[in-house]
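# Coordinate inspection notes
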Protein chains: 2
Amino acid sequence: MKKAVVTPYEVKGQVDYGKLIKEFGVSELNNKLLERIKKHTKELHLFLRRKVFFAHRDLNWLLDEYEKGNKFFLYTGRASSTEGVHLGHLMPWILCQWLQEKFNVEMWFQFPDEEKFLYKKNLTLRDTEQGTLKDMLDTIALGFDARKTKFLVDTKHADLMYREACKVAKKITFSTVKASFGFNETTNIGSIFYTSMQAVPAFLPSVLKGKNIPCLIPLGIDQDPHFRVSRDVMPKLGFYKPAILHSVFLPPLTGMGGKMSASKKESAIYTTDSPRQVENKIRKYAFSGGQATLSEHKKKGGNPDIDVSYQYLKMFFEPDDKKLQQIYDTYKSGELSTAEIKEILIEKINKFLKAHQQARKKASKQVDKFIFKN
Amino acid sequence: MKKAVVTPYEVKGQVDYGKLIKEFGVSELNNKLLERIKKHTKELHLFLRRKVFFAHRDLNWLLDEYEKGNKFFLYTGRASSTEGVHLGHLMPWILCQWLQEKFNVEMWFQFPDEEKFLYKKNLTLRDTEQGTLKDMLDTIALGFDARKTKFLVDTKHADLMYREACKVAKKITFSTVKASFGFNETTNIGSIFYTSMQAVPAFLPSVLKGKNIPCLIPLGIDQDPHFRVSRDVMPKLGFYKPAILHSVFLPPLTGMGGKMSASKKESAIYTTDSPRQVENKIRKYAFSGGQATLSEHKKKGGNPDIDVSYQYLKMFFEPDDKKLQQIYDTYKSGELSTAEIKEILIEKINKFLKAHQQARKKASKQVDKFIFKN
């Protein structure tokens, strides 16, 4: 098997998360640490309980600070394109919203509208700016607290951000970004600079408030290289290194390798998909761990560990641990058919999307409240 | 003799301007073109008449457009540091002020307060920001028209500039900036990106006014590499290539090699120097083309072509062509001594600085009028 590739600009192959923990030098999010979180949150979100967020950096330190009364803020982001938001994007955002509620903390949400413009040949800035406006609706729809959530748009907040990004950029050489992001001599100088902009929200609140505030960044593990670079820089600028919570990738519908990708239409469920589209995609594309025929399935049973429908239920849509176990057992025994497990998932996704789409509609009136004003 | 080095980040050695015209691929500012300018300006500034501005790009095209009624705007800039403004810096600015007056055009003045911060290890952003405020006073003191002059400060106007810089940056590879600026793998990613910010004022007025406006950039020829790069990019973004007027360097006091440099204190006359400081510097450091002793000088005569005092009079301080010729002849014959030519220069510089310093004092109340507000 080929080695999986995991960078902010490419995820492919079957990702071995255990190996990634060693390669990236992150720590496992173990049960002891989950218990420590639970002391504060009373319950654990399914993303934590089921290790969808499976690794971290400096989370113990962050909780030490919190317990000393030194509250953190949350930071995550979304680089918009012409492609919409899919379920995979939502995972860190949903966890952020939950953490905001449980810890009663500020959320800084970055929309780097230049990132994909710089990286993708055919995208225009108008494309990414229009995408950003749409993606803000998805964010707001998840229930963030308008009073405690600040949207930063790179090109619109550059009067605040570019100055800080220069401080970061001065401490990073081409050689470092080359190694971290797989860049080369033909990479454009905007992409080369960009990681400095992604670093900024991790310390901008500290700059604005004139004191050092801890930061927690929930993100897909493919984004970790940005912060591997900027975590080295931040103490040199007098700021804490941000703590990080890393999620696995929601697998593409078509199978367990890589990550759900908005640029492969058949691999993703979008937040704007209709019930009918969801039905069709799941029925047609969701990779099955079942047997070739129903009678064979009844006899030999299915394999939930590679079954995408089961994985989605486990990672996202079935919060009830008992019900999930039952689905696992009956699918494995062959009692639950592939068609049936797909129907369970379709119903769950459509219920989620119906509520999300309603909230998304209302969100358009709220955008202005979320845009950060200094 | 070693080959001279001329980049925005280093000027050293005896510069052969004839060679530079070929190497840089610029055109000579010949008498025919000067006559064409004179048709519009009635007279020629000594910087033009005496070829202190000696080369150009696309000046004929710019005048074609002007004659068709398509007015240009002027653009130049100043990257501030802890070191003040010296006489060498003033040359493009003085020409800009003169051109503004004669052609009745807008002047866009960039203060890239991040450039030297990024390039020089020990400079802080506070240093360059404080420097910028001081340098604005020198600019205003030269008599720019407040209604037609717009100051852009990179970190303060980044909400306008960063977005446009990204469009430029997308079209420039690391390989290009490496070749143009002598960068390598240890160069920081802020310096790598910076040339995109320097490109922006050359088309920002076109963006803001929604139409393509020709641009003329008077600058020291060491800055040409920035525009060699961005002139390739601008047509791809739908803008005209800016026309450029290149000046030679005002030689350092200490001799004809390199350029007057604010980082070598003894080589430069600052705009804030006292009459006494000017006297001391000229007497002590101004490289002389005279003979070792007065009697020898009277006998053999001096060499005005390598005499820094004569060069300053020619390039900057003696506008009267007849008087200049007389100084040339009498210095060459030995009639005018080194001490005497230095006294002529000292008086001229101190007269200029007295008026400049008075205007500079008044300028502090005017800064706000010059800062661009969108």
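Procedures and definitions
- Residues numbered from 1 in each chain as written.
- Chains lettered and ligands numbered in written order.
- Predicted model: local features only at pLDDT ≥ 70, side-chain atom pairs only at ≥ 80, totals over all residues.
- Heavy atoms only, no water.
- Buried < 20%, exposed > 50% of the residue type's maximum accessible area, 1.4 Å probe, protein only.
- Helix = DSSP H or I, 4+ residues; strand = E, 2+ residues; numbered from the N terminus.
- Pairing = 2+ DSSP bridges.
- Right-handed = clockwise from strand over helix to strand, strands pointing away.
- Lys, Arg positive; Asp, Glu negative; His and termini not counted.
- Salt bridge = Lys/Arg side-chain N within 4 Å of Asp/Glu carboxyl O.
- Contact = heavy atoms within 4.5 Å.
- Disulfide = S-S within 2.5 Å.
- pLDDT = per-residue confidence, 0-100.
- Phe/Tyr/Trp six-rings, centres within 6.5 Å; stacked < 30°, edge-to-face > 60°.
- Lys NZ or Arg CZ within 6 Å of the ring centre and 35° of its normal.
- Least-squares fit on C-alpha atoms with pLDDT ≥ 70 in both.

### Describing the pairing of strand S9 (residues 243-247) of chain A
Residues and elements named next belong to chain A. Along S9, five of the five residues are buried, which leaves the element largely enclosed by surrounding structure. Across the two faces of S9 the burial is the same, with Ala243, Leu245 and Ser247 and Ile244 and His246 all buried. The pairing of strand S8 (residues 215-220) with S9 spans five bridges and is classified as parallel. In the strand pairing of S9, leucine 219 is matched with histidine 246. Each parallel crossover has a hand, and for S8 linked through helix H12 (residues 224-233) to S9 it is right-handed.

### Points about the side chain of Glu115(B)
All names here are of chain B. Inspection of the secondary structure assignment puts glutamate 115 in helix H6 (residues 115-119). Buried charged residue glutamate 115 carries no salt bridge. Nearest counter-charge: lysine 116, at 6.7 Å. If we skip the residues at most four places from it in the chain, glutamate 115 touches Tyr9, Ala79, Tyr194, Gln198 and His226.

### A look at the sheet that holds strand S8 (residues 215-220) of chain B
Whether parallel or antiparallel, the strands of a sheet pair through hydrogen bonds between backbone atoms. Residues and elements named next belong to chain B. Reading across the sheet, the seven strands line up as S3-S4-S9-S8-S5-S6-S7 and stay open at both edges, with mixed pairing between neighbours. Each edge of the sheet is formed by a strand with only one pairing partner; in this case those strands are strand S3 (27-28) and strand S7 (149-153). Bridge count for strand S5 (residues 73-77) against S8 is two bridges, and the pairing is parallel. Note that in S8 the partner of phenylalanine 73 across the bridge is cysteine 215.

### Some points on the state of the cysteines
Residues and elements named next belong to chain A. Evaluation of the coordinates by the stated rule reveals zero disulfides over all chains. Of all cysteine sulfurs, the one in cysteine 215 lies closest to cysteine 96, which takes part in no disulfide; the gap is 9.6 Å. Under the relative-accessibility criterion, cysteine 96 is labelled buried at 0%.

### As for the confidence of the model for chain A
Per-residue confidence for chain A gives a mean pLDDT of 95; residues scoring 70 or more make up 97%. If you check the scores for this complex, the pTM reads 0.95 and the ipTM reads 0.94.

### Remarks on the packing of aromatic side chains
A complete count under the given rule lists 57 aromatic pairs over all chains for this structure. Taken together, a centroid distance of 5.7 Å and an interplanar angle of 85° make the contact between Phe47(B) and Phe316(B) edge-to-face. Linking Phe47(B) in helix H3 (residues 46-49) with Phe316(B) in helix H15 (residues 308-317), this pair joins segments that are 269 residues apart in sequence. Arranged with centres 5.7 Å apart and planes meeting at 75°, the rings of Phe317(B) and Phe352(B) form a pair that is edge-to-face. Here Phe317(B), found in helix H15, pairs with Phe352(B), found in helix H17 (residues 338-363); they are 35 residues apart in sequence, far enough to count as distant. Residue classification places Phe352(B) among the partly exposed residues on the basis of a relative accessible area of 23%. An aromatic cluster of at least three residues, connected via ring pairs, comprises Trp93(A), Phe109(A), Phe111(A), Phe144(A), Phe151(A) and Phe370(A). If you follow Lys170(B) out to its NZ or CZ, it ends over the ring of Phe117(A), 4.2 Å from the centre. Here the basic side chain of Arg228(B) rests over the ring of Phe24(B), its NZ or CZ set 4.3 Å away from the ring centre.

### Overview of the environment of Leu123(A)
For Leu123(A), the location among the structural elements is in the loop between helix H6 (115-119) and helix H7 (125-141). Here the alpha-carbon distance between Leu123(A) and Thr293(A), two residues 170 residues apart in the chain, equals 44 Å. Among all residues touching Leu123(A), those that are not within four sequence positions of it are Ser81(A), Thr82(A), Lys116(A), Phe117(A), Thr128(A) and Lys170(B).

### Here we look at unusual backbone geometry
Backbone geometry places Asp58(A), a non-glycine residue, at a positive phi of 60°. The backbone of Lys42(B) shows a phi angle near 70°, a positive value even though the residue is not glycine. Structurally, Lys42(B) is set in the loop between helix H2 (31-41) and H3.

### Overview of the sheet that holds strand S3 (residues 27-28) of chain A
Residues and elements named next belong to chain A. Pairing within the open sheet is mixed, and its seven strands lie in the order S3-S4-S9-S8-S5-S6-S7. This sheet does not close on itself; its edge strands, each paired only once, are S3 and strand S7 (149-153). Judged from the four bridges that link them, strand S5 (residues 73-77) and strand S6 (residues 107-111) form a sheet pairing that is parallel. If you follow glycine 77 over to S6, its bridge partner there is glutamine 110.

### Concerning the relation of the copies chain B and chain A
Placing chain B over chain A gives an RMSD of 0.0 Å and needs a rotation angle of 180°, together with 0.0 Å of translation along the axis. Seen this way, the second copy is the image of the first under a two-fold rotation axis. A shared interface surface links the copies, since 100% of the contact residues of chain B are contact residues in chain A too.

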